[in-house]
Amino acid sequence: MAEVVAQNVVPAEVKGWNWGAFVFNIWWGIGNKTYLPLLCLVPLFNIVWIFVCGFKGNAWAWKSNDYPDAASFKRVQATWDRAGLVSFIVSIAAIILYLIFFAAILASLPDYF
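The rules we used
Residues numbered from 1 in each chain as written. Predicted model: local features only at pLDDT ≥ 70, side-chain atom pairs only at ≥ 80, totals over all residues. Heavy atoms only, no water. Helix = DSSP H or I, 4+ residues; strand = E, 2+ residues; numbered from the N terminus. Rg over C-alpha atoms; globule rule 2.2 N^0.38 Å. Lys, Arg positive; Asp, Glu negative; His and termini not counted. Charge placed at Lys NZ, Arg CZ, Asp CG, Glu CD. Buried < 20%, exposed > 50% of the residue type's maximum accessible area, 1.4 Å probe, protein only. Expected span 1.5 Å × (residues − 1). Bend = angle between axes of the 7 residues up to and from the residue. Contact = heavy atoms within 4.5 Å. Core = buried A, V, L, I, M, F, W, Y, C linked by side-chain atoms within 4.5 Å.

Draft legend 1. Spotlight on the overall build of the chain. For the chain, the count of helices and strands is four helices and zero strands. For the chain, whose C-alpha radius of gyration is 19 Å, the value lies well above the compact-globule estimate of 13 Å for 113 residues. Referenced to the eigenvectors of the C-alpha coordinate spread, the extents of the chain come out at roughly 75 × 25 × 20 Å. Computing the positive centroid from 7 side-chain charges and the negative centroid from 6, the chain places the two 5 Å apart.

Here's what the structure looks like:
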């Protein structure tokens, strides 16, 4: 029988970066019953808070849910983690492509100045 770990104590294997909490902070927080990521709705503060969500998200989710062990917690968070990482990579690629296209358009404009 799996031993239930106290929810207030965050196991070392649970701690770490969470791409889901970083990228999907508000939705991740609602899905994991932790509402501190809602502070990402505060303008300018959210620039810093998304990084706090990425670093502290696993600890918040562990404390607010009833996971029987760290392995089941990691299985649930692995889905969020993969989705967040893929979304982050796609977003960065889209920004880079946008900048390349913008630079190409600017380079093709006639020189009026």
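There is more to say, and it comes next.
Draft legend 2. Quick look at unusual backbone geometry. Within the chain, Lys 33 stands out as a residue other than glycine whose phi angle is a positive 55°. Position of Lys 33 among the secondary structure elements: in the loop between α2 (25-31) and α3 (45-64). Even without being glycine, Leu 44 reaches a positive phi, approximately 65°. Relative to the helices and strands, Leu 44 is located in the loop between α2 and α3. Using a relative accessible area of 68% as the deciding quantity, one classes Leu 44 as exposed.

Draft legend 3. Representation of helix α4 (residues 70-108) in the model. With 39 residues, α4 ought to run about 57 Å at 1.5 Å a step, and its terminal C-alpha atoms sit 56 Å apart, in line with that. At Gln 77, α4 shows its maximal bend, which comes to roughly 30°. Tucked into the core, α4 has its buried residues touching α1 (19-23), α2 and α3.

Draft legend 4. Layout of the nonpolar core. Counting 14 residues, the largest nonpolar core has Val 10, Val 14, Trp 49, Cys 53, Trp 62 and Phe 73 as its most contacted members. Secondary structure elements with two or more residues in this core: α3 and α4. Ranked by residue count, the leading element in this core is α3, at six residues.

Draft legend 5. Expanded view of the side chain of Asn 25. Positionally, Asn 25 belongs in helix α2. Every residue in contact with Asn 25, bar those within four places of it in the chain, is listed here: Gly 20, Pro 37, Cys 40, Ile 50 and Cys 53.

Draft legend 6. Region of interest: the environment of Cys 40. Positionally, Cys 40 belongs in the loop between α2 and α3. Along the sequence, Cys 40 and Ile 26 sit 14 residues apart, while their C-alpha atoms lie 6.9 Å from each other. Not counting residues within four places of it along the chain, the set of residues in contact with Cys 40 comprises Asn 25, Ile 26, Asn 46, Trp 49, Ile 50 and Cys 53.

Draft legend 7. Representation of α3. Helix length check: α3, at 20 residues, gives a terminal C-alpha distance of 23 Å against a target of 28 Å (1.5 Å per residue), a shortfall beyond 12%. Of all the bends in α3, the greatest, near 60°, is centred on Lys 56. Among all positions in α3, only Trp 49, Cys 53, Gly 54, Gly 57, Asn 58, Ala 59, Trp 60, Ala 61 and Trp 62 are buried. The inward-facing, buried residues of α3 contact α1, α2 and α4.

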